[in-house]
Amino acid sequence: MTRRGRQQRFCMNIFYQYEEVIAEIISGLKSRGALAEDLDAGGFSVEPPREDGHGDITSNVALVLAKRAKMAPRDLAGLLVPELTARDDIQAAEIAGPGFINMTLSPGVWQNIVTVILREGEDYGRKPKGSVPVNVEYVSANPTGPMHVGHCRGAVFGDALASLLESQGGDITREYYINDAGAQVDALARSAYLRYREALGEDIGEIPAGLYPGDYLKPVGADLAKIHGAALLDRDEAEWLPVVREAAIAAMMADIKSDLAAVNIRHDVFFSERSLGDGEGSRIEHAIEELRTRGFVYEGHLEPPKGKLPDDWEDREQLLFRSTEFGDDGDRALRKSDGSHTYFAADIAYHLDKYSRGFEKMIDVWGADHSGYIKRVKAAVAALTDQKAELDVKICQLVRLFRAGEPVKMSKRAGDFVTLRELVDEVGADPVRFMMLYRKNDAPLDFDFVKVTEKSRDNPVFYVQYAHARAHSVFRNMNEIFSDMDVAGDEVAMADLSVLDDPGELDILKRLAQYPGMLEGAAKAHEPHRLAFYLYELAADLHSQWNRGKESPQLRFIREDDRDLTAARMALVSGTAEILASGLKILGVTAPEEMR
RNA sequence: GGCCCCGUAGCUCAGUUGGAUAGAGCAUCAGAUUCCUAAUCUGAGGGUCAGAGGUUCGAAUCCUCUCGGGGUCACCA
């Protein structure tokens, strides 16, 4: 981390503040000749200790610099410790293990966290909006039917990731790629056409294999009948198909947007694959030309696929992208045997379009079945942008549905898959969103309809929301006793916090201090689940302290006999509620003020 | 067969990008209710981080191999 980088950061993160303290001590030692003037002092960190008993904050500075300074780590630490302990804000600093420096801070440092949170409010831990545009593409479900639970996880993940990046200063565009070209939407159009004839009174019998049998196309057929009457009946398919297709896609996209709205997801840009065109002069041809000028396109033969050979495999010469140049396993076809472009070719053009719109950072969120597709798209982005753009592809693994421990059977062919809408209608948006995020994206996830609505510690959604509600319950009860004390007012904000010295209170304070660094790390790693886990831990800290007040009445947040102490504790509880609400907001989950 | 993901307590999972004696919840056992919401909390037991090598001050984490589970594998979208 450069010096400039440190200064540009908000100084809310106390771990960075102490990195700075150590950096200053090192330059002091240099100027006094205790350390070499040209010693590179970068690369160390100050972090919360992993275990109790290792102080409040810990640094690996001596371990990181030892080799460069040609000193034993513990000796180097020995130079730093006296300087650290000389400070008022550091109660103790000791050398531990191979050369860690464990510091115990004076309680005032922690108590001050609350003052900062109450001042910054929702901005605590956030960074001001920066100028780096980031494109997050997620959902991108085919417009051939309603959203089902398989889409849901990626949708929630992408949305929360976008919000998380936004909280760290990203200039985020949320984007949906509509696969409205190709055979699937033609099949959709033919299915809708059948429903159209049905709406005009014809008995259409069974929906043929290869078409979409779901009832959800019936309204589309009815609308077509209303608008066109019998006018489309006696035409050739070439005439009615574009008309029906457009109507069907529009209807499906309207359904999808409304399904997404049910889980509070919205996109800034809906990008149509069809708009990329086809054939001469299209953006797809342009993208292929861009690759060709860079020497990554050639006519050639592909190796037969490994494993069992498809029945209709034929060796042929075709237009290929040299993706092996960028680490892919094989070169990839750009044109099909009928001369039209492949889906991949369209995707290349799409990503080139993103780049030309100014996005040098792109994130795609895909389902698990697309993992084999990552390398070729990354290869294409690298090739087209001369490696200037970075694309991160996040894969969301499958969601397995359970009901009270029993697997929920689904058959997509029979059309009885569980839709996103059914899921949300039954359990609500909050549990859906939180549970989809309470797991790493690349691990499979079990979702139990019954468990997620349980009111118990076993259900993390409830547990976190309850902590927030409990805080507000405390405020209400406080006003029963001190009717003129305003939790949001100056008396609380300016309260003397030095009385917050109970170990349980300090635990909460230390957890609050971790919030900015946790957010930054989660955003950098593109891992919103870290925030969900953090909120669970913060909720546990608050519940825990609340309960200590049962055994030890002097620890209760509300102390009828001590107005000043009550004000200080209101500040603590208020700061905690603020962070719970702020974090939940990033995850897109509500923070209720009471549970019922 | 190739590629990708996963393998951590009986179960479900974290592990802050290489840090110290590996952590939560559930389940089990023992406790807390005149009391700010017991919808919660306190404590105990439970581990060869799948296995074997390697890299270094230091590995659950990085590299190689083996075993086991899942996904995927010309032209579809």
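Residues numbered from 1 in each chain as written. Chains lettered and ligands numbered in written order. Predicted model: local features only at pLDDT ≥ 70, side-chain atom pairs only at ≥ 80, totals over all residues. Heavy atoms only, no water.

Caption draft 1: Focus on the overall build of chain A. For chain A, the helix and strand inventory stands at 19 helices and 15 strands. Dimensions of chain A along its principal axes, counting C-alpha atoms only, are 90 × 65 × 40 Å. By the burial criterion, 51% of the 596 residues in chain A qualify as buried. In chain A, 70% of the contacts between residues at least 6 apart in sequence involve partners at least 24 apart. Approximately 27900 Å² of chain A is accessible, and the part contributed by carbon and sulfur atoms is 48%. Averaging the locations of the 72 positively and 98 negatively charged side chains of chain A gives two centres separated by 2 Å. (Helix = DSSP H or I, 4+ residues; strand = E, 2+ residues; numbered from the N terminus. Buried < 20%, exposed > 50% of the residue type's maximum accessible area, 1.4 Å probe, protein only. Contact = heavy atoms within 4.5 Å. Areas by Shrake-Rupley, 256 points an atom, 1.4 Å probe, with all protein chains shown as cover. Lys, Arg positive; Asp, Glu negative; His and termini not counted. Charge placed at Lys NZ, Arg CZ, Asp CG, Glu CD.)

Caption draft 2: The packing of aromatic side chains, seen in detail. Under the criterion given, the structure shown has 19 aromatic pairs. Note on Y177 and Y350: the rings are 4.0 Å apart at their centroids and 5° apart in plane angle, and the pair reads as stacked. Taken together, the positions of Y177 in strand 6 (residues 171-178) and Y350 in helix 11 (residues 343-356) put the pair 173 residues apart, joining distant regions of the chain. Y350 carries the same exposure label as Y177, and that label is buried. On the basis of an interplanar angle of 70° and a centroid distance of 5.0 Å, the ring pair of F296 and F326 is categorised as edge-to-face. Of the two residues, F296 is situated in the loop between helix 10 (283-293) and strand 8 (297-301) and F326 in the loop between strand 9 (317-321) and strand 10 (332-333); the sequence distance between them amounts to 30 residues. Taking relative accessible area as the criterion, F296 reaches 15% and is therefore assigned buried. The ring of F270 is capped by K257, whose NZ or CZ atom sits 4.1 Å from the centre of that ring. (Phe/Tyr/Trp six-rings, centres within 6.5 Å; stacked < 30°, edge-to-face > 60°. Lys NZ or Arg CZ within 6 Å of the ring centre and 35° of its normal.)

Caption draft 3: Representation of helix 11 in the model. Over its 14 residues, helix 11 extends 20 Å from the first C-alpha to the last, a length consistent with the 20 Å expected when each residue adds 1.5 Å. For helix 11, the buried fraction is high: 12 of the 14 residues fall into the buried class. Among all positions in helix 11, only F344, A345, A346, D347, I348, A349, Y350, H351, L352, D353, K354 and Y355 are buried. Where helix 11 terminates, the next one or two residues include G358, which has phi positive at roughly 105°. (Expected span 1.5 Å × (residues − 1).)

Caption draft 4: Molecular detail of the sheet that holds strand 10. If you walk across this open sheet you meet the three strands as 8-9-10, and the pairing is antiparallel. Edge positions in the sheet fall to strand 8 and strand 10, since each has one partner strand and no second. Sheet topology places strand 8 next to strand 9; five bridges connect them, and they run antiparallel. Paired with G300 across the two strands is Q318, which belongs to strand 9. (Pairing = 2+ DSSP bridges.)

Caption draft 5: Layout of the pattern of salt bridges. Under the definition given, this model contains 41 salt bridges. The salt bridge partner of E237 is R190, with a shortest N-O separation of 3.0 Å. A residue pair is termed long-range when its members are at least 10 positions apart, and E237 in helix 9 (residues 237-262) and R190 in helix 7 (residues 183-199) qualify at 47 residues. Ionic pairing is found between D446 and R400, a salt bridge with its closest N-O pair at 2.7 Å. (Salt bridge = Lys/Arg side-chain N within 4 Å of Asp/Glu carboxyl O.)

Caption draft 6: Inspection of the side chain of N441 at higher detail. Turning to its location among the elements, N441 is positioned in the loop between helix 14 (429-437) and strand 15 (445-448). At 2.9 Å, the side chain of N441 forms a polar contact with the backbone oxygen of I395. With near-sequence residues (within four places) excluded, N441 lies in contact with R153, F157, K394, I395, C396 and Q397. (Polar contact = N/O pair within 3.5 Å; in protein donor to acceptor, adjacent residues only side chain to side chain.)

Caption draft 7: Quick peek at the confidence of the model for chain A. Chain-level pLDDT for chain A is 90 on average; 96% of the residues reach the 70-or-more range. Low pLDDT (under 50) marks residues 1-10, which in the prediction has 13 contacts with non-local residues, meaning those over four places away or in another chain. Here the prediction assigns the complex a pTM of 0.94, and the interface score ipTM is 0.95. (pLDDT = per-residue confidence, 0-100.)

Caption draft 8: Structural context of the nonpolar core. Of all hydrophobic cores here, the largest spans 151 residues; its most connected members are L84 and F447. Here the element with the most residues in this core is helix 19 (residues 563-587); it accounts for 12 residues. When neighbours within four sequence positions are excluded, L84 is seen to be in contact with V21, I22, I25, I90, A93, I101 and M103. Membership of the second largest hydrophobic core comes to 36 residues, among which are F296, A345, F359 and A380. (Core = buried A, V, L, I, M, F, W, Y, C linked by side-chain atoms within 4.5 Å.)

Caption draft 9: Looking closely at the packing of helix 2 (residues 14-31) against helix 4 (residues 73-85). At a minimum axis distance of 10 Å, the contact between helix 2 and helix 4 shows a crossing angle of 115°. Seen along the crossing, helix 2 lies across helix 4 with a hand that is right-handed. Facing helix 2, whose interface residues are V21, I22, I25, I26 and L29, helix 4 presents L79, L80, E83 and L84. Of the residues in the contact of helix 2 with helix 4, the class split is eight nonpolar, no polar and one charged. (Axes fitted to C-alpha atoms, helices over the stretch in contact; angles between N-to-C directions. Left-handed = near helix turned anticlockwise from the far one by under 90°. Nonpolar A, V, L, I, M, F, W, Y, C, P; charged D, E, K, R; others polar.)

Caption draft 10: Highlighting the protein's contact with RNA strand B. Around RNA strand B, the surrounding shell holds 66 residues, and the nearest of these are Y463, Y466, N477, W546 and N547. Sugar and phosphate atoms form 64% of the subset of RNA strand B atoms that lie within 4 Å of the protein. Separating a sugar or linking oxygen of RNA strand B from a side-chain N or O atom of R439 is a distance of 2.9 Å. D442 is positioned with one of its backbone polar atoms (N or O) 3.0 Å from a sugar or linking oxygen of RNA strand B. Among the secondary structure elements, those contributing two or more residues to the surface near RNA strand B are helix 3 (61-69), strand 4 (100-105), helix 7, helix 15 (460-481) and helix 18 (529-551). Of the residues contributing to the surface near RNA strand B, the split by class is 24 nonpolar, 19 polar and 23 charged. (Near = heavy atom within 4 Å.)

Caption draft 11: Seen up close, unusual backbone geometry. Of note in this structure, Q387 is not a glycine but carries a positive phi near 65°. Positive phi is not limited to glycine here, since H526 has a value of about 55°. Along the chain, the position of H526 falls in the loop between helix 17 (503-524) and helix 18.

Caption draft 12: Quick peek at the sheet that holds strand 15. Pairing is mixed in the open sheet, where three strands are placed in the order 14-13-15. Sheet topology places strand 14 (406-407) and strand 15 at the edges, where each strand pairs with a single neighbour. In terms of strand pairing, strand 13 (residues 399-403) meets strand 15 through four bridges, oriented parallel. If you follow F402 over to strand 15, its bridge partner there is D448. Its contacts with the sheet place helix 14 against strand 13 and strand 15, and it is angled at close to 155° to strand 15.

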